[in-house]
Amino acid sequence: MMINSINSFNNFAYKKQGPKNPKENNVNFTGPNFTGLKSRYKKQIYVSNSHLQALTGVYPRANGRVGELPIEMIKILKTNYPNNLTEKIEETKDAFAACANVLSNADDRKAKIDPEKLLRHYLDLKIEGKHEEAKKMLVAVGTNEIIQSEYMDSVQKEAADVLTKRMRALKILPKDYSAKITYAGYGRFKEGYCLDFVNKDGDSLFGKFVIKMYKDPKRTQRAHQQFLSKLSEFIGSKDYEKMHVEYMRKCPELSLFNEISMAHTYLKQNLSVPEEHREILKDRDGMHPDANAAIFLEGAVGGDIYNTNLIKMYFFDFENNFSLARFSDETLPKPTVEVDLEKFGLMDDDPAEYNILCGRLIDYGSIIPISPDNPINIKTNRDLRLLTTNKTARTTYGNIRRIAQKHSVEQAERTHSELTQKALNNSVPHSKDVLLGLELAKKYVLEEE
């Protein structure tokens, strides 16, 4: 990450550095991360969301959070508050939570959308022949993108002001730097806001982050229903009749009744959570699976993920429905290592282009174990769940697979046979686990034994 340098920090004990080299950022600090909950997430990928949620309650000291702050912020706090570091780390996370709580009001503001204004915009686009733009506008009603210009600018500014004030009070931000928050995009169950700490010249202090807001289905649905009620009420009003007459004069050839009817029907259908989505929300609501997969993979890969095709996730706040991650854009170095998910017994259940940004996977929620009974979309006749929990089996499996793919199947077969004999004779450590890995790796040898 290229970070602009500054000469001094007004007595702030701080040396600017972003995640250029993760090994340089490896400070001796573990206590305040509440490793009990994190260690459970690192062990394996749990398919049951209810189990993940239950784990959060088992570790009350974690305060409904898992993960840590960006290391550059921890260094500042460690220097400025050596005697109460844990407390200040929690206060910093509280600052992010206060910011996220402001952003969470966006769904409520959606209920304030003026239905007449919306329909007029839709019809104007239709008259101008901009049919795709008209369709996209209706799609955007299902996200907070539709309220960007009218409501979100003020929400983002308020959230940034809240965060700026608290970060300055904690001596993380100098007086000439402020938080800047902009809408980054949306997904099925979450929305992203780009966060940067910049001065008046636009110089970035830490590089960009993303605040992921995980939707509360009930709250979102309530806002949608309030908007739909206002829309139905308007369509039955005298104001609607006046608008109808106006547009009939403006464009007689436009089938006004059909256009508004289709728009109304589309909105009613798409602002309700489909049954299949409700099931996914029930089993894989996004936040806990995201945290589980991100923490597991960072541990399995070895913690040094800045050069990989995985985005760095910092911490998750389950009580306030948000997470903090590194923002993936062209300012980050290009990934040089592609993490092989199968090596860990995993697969990406939703390998869509929108989950990849600048070569990095930005959504961990679709990463699941390779197993015949996957709870969502993709089914498989393979079962590699053991690899997510057994490191020795995983290493053995990975070695045989690597030899077969990078050298030759014949060489993989010889290695498989030799290692099998050693494991059977208990002449290698953890022989039983080695045999488990060899059994799973049989598909990569020339002849199954």
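This write-up is about the structure you can find in this document. Since the structure is predicted, the reported quantities are computational estimates derived from the model, not experimental observations. (Residues numbered from 1 in each chain as written. Predicted model: local features only at pLDDT ≥ 70, side-chain atom pairs only at ≥ 80, totals over all residues. Heavy atoms only, no water.)

1. Brief notes about the packing of aromatic side chains
Part 1 of the argument: Under the definition given, this model contains 7 aromatic pairs.
Part 2 of the argument: Ring plane angle 70° and centroid distance 5.8 Å describe the contact between F209 and Y314, whose orientation is recorded as edge-to-face. Remark: Y314 occurs in strand 5 (residues 313–317) and F209 occurs in strand 4 (residues 209–214); sequence separation between them is 105 residues. Taken individually, F209 and Y314 each receive the classification buried, so the pair is uniform in this respect.
Part 3 of the argument: Judged by centre distance (5.9 Å) and plane angle (75°), the rings of Y397 and Y444 are edge-to-face. Separated by 47 residues along the polypeptide, Y397 in helix 14 (residues 391–406) and Y444 in the segment after helix 16 (431–440) bring together distant segments of the chain. Residues Y397 and Y444 agree in their burial class; the two are buried.
Part 4 of the argument: One aromatic cluster is present, built from ring pairs that chain together F96, F315 and F322.
Part 5 of the argument: A cation sits over an aromatic face here: K88 above Y81, 4.9 Å from the ring centre. (Phe/Tyr/Trp six-rings, centres within 6.5 Å; stacked < 30°, edge-to-face > 60°. Helix = DSSP H or I, 4+ residues; strand = E, 2+ residues; numbered from the N terminus. Buried < 20%, exposed > 50% of the residue type's maximum accessible area, 1.4 Å probe, protein only. Lys NZ or Arg CZ within 6 Å of the ring centre and 35° of its normal.)

2. Considering the pairing of strand 5
Part 1 of the argument: Within strand 5, 5 of the 5 residues are buried, which leaves it mostly tucked inside the rest of the structure.
Part 2 of the argument: Both strand 1 (residues 65–67) and strand 5 contribute to a ladder of 3 bridges, which runs antiparallel. Bridging from a neighbouring strand, V66 pairs with F316 of strand 5.
Part 3 of the argument: Inspection of the sheet shows strand 5 paired to strand 6 (residues 322–326) by 4 bridges, in the antiparallel sense. Within strand 6, the residue paired with F316 across the bridge is S323. (Pairing = 2+ DSSP bridges.)

3. A look at the packing of helix 3 (residues 71–80) against helix 4 (residues 85–103)
Part 1 of the argument: Between helix 3 and helix 4, the shortest axis-to-axis distance is 9 Å and the interhelical angle comes to 135°. Classified by the angle their axes make, helix 3 and helix 4 are oblique. In this structure, the crossing between helix 3 and helix 4 has a hand that is right-handed. Facing M73, I74, L77 and K78 of helix 3, the residues of helix 4 in contact are L85, K88, I89, T92 and F96.
Part 2 of the argument: A class-by-class count of the residues in the contact of helix 3 with helix 4 yields 6 nonpolar, 1 polar and 2 charged. (Axes fitted to C-alpha atoms, helices over the stretch in contact; angles between N-to-C directions. Parallel < 35°, antiparallel > 145°, perpendicular 65-115°, else oblique. Left-handed = near helix turned anticlockwise from the far one by under 90°. Contact = heavy atoms within 4.5 Å. Nonpolar A, V, L, I, M, F, W, Y, C, P; charged D, E, K, R; others polar.)

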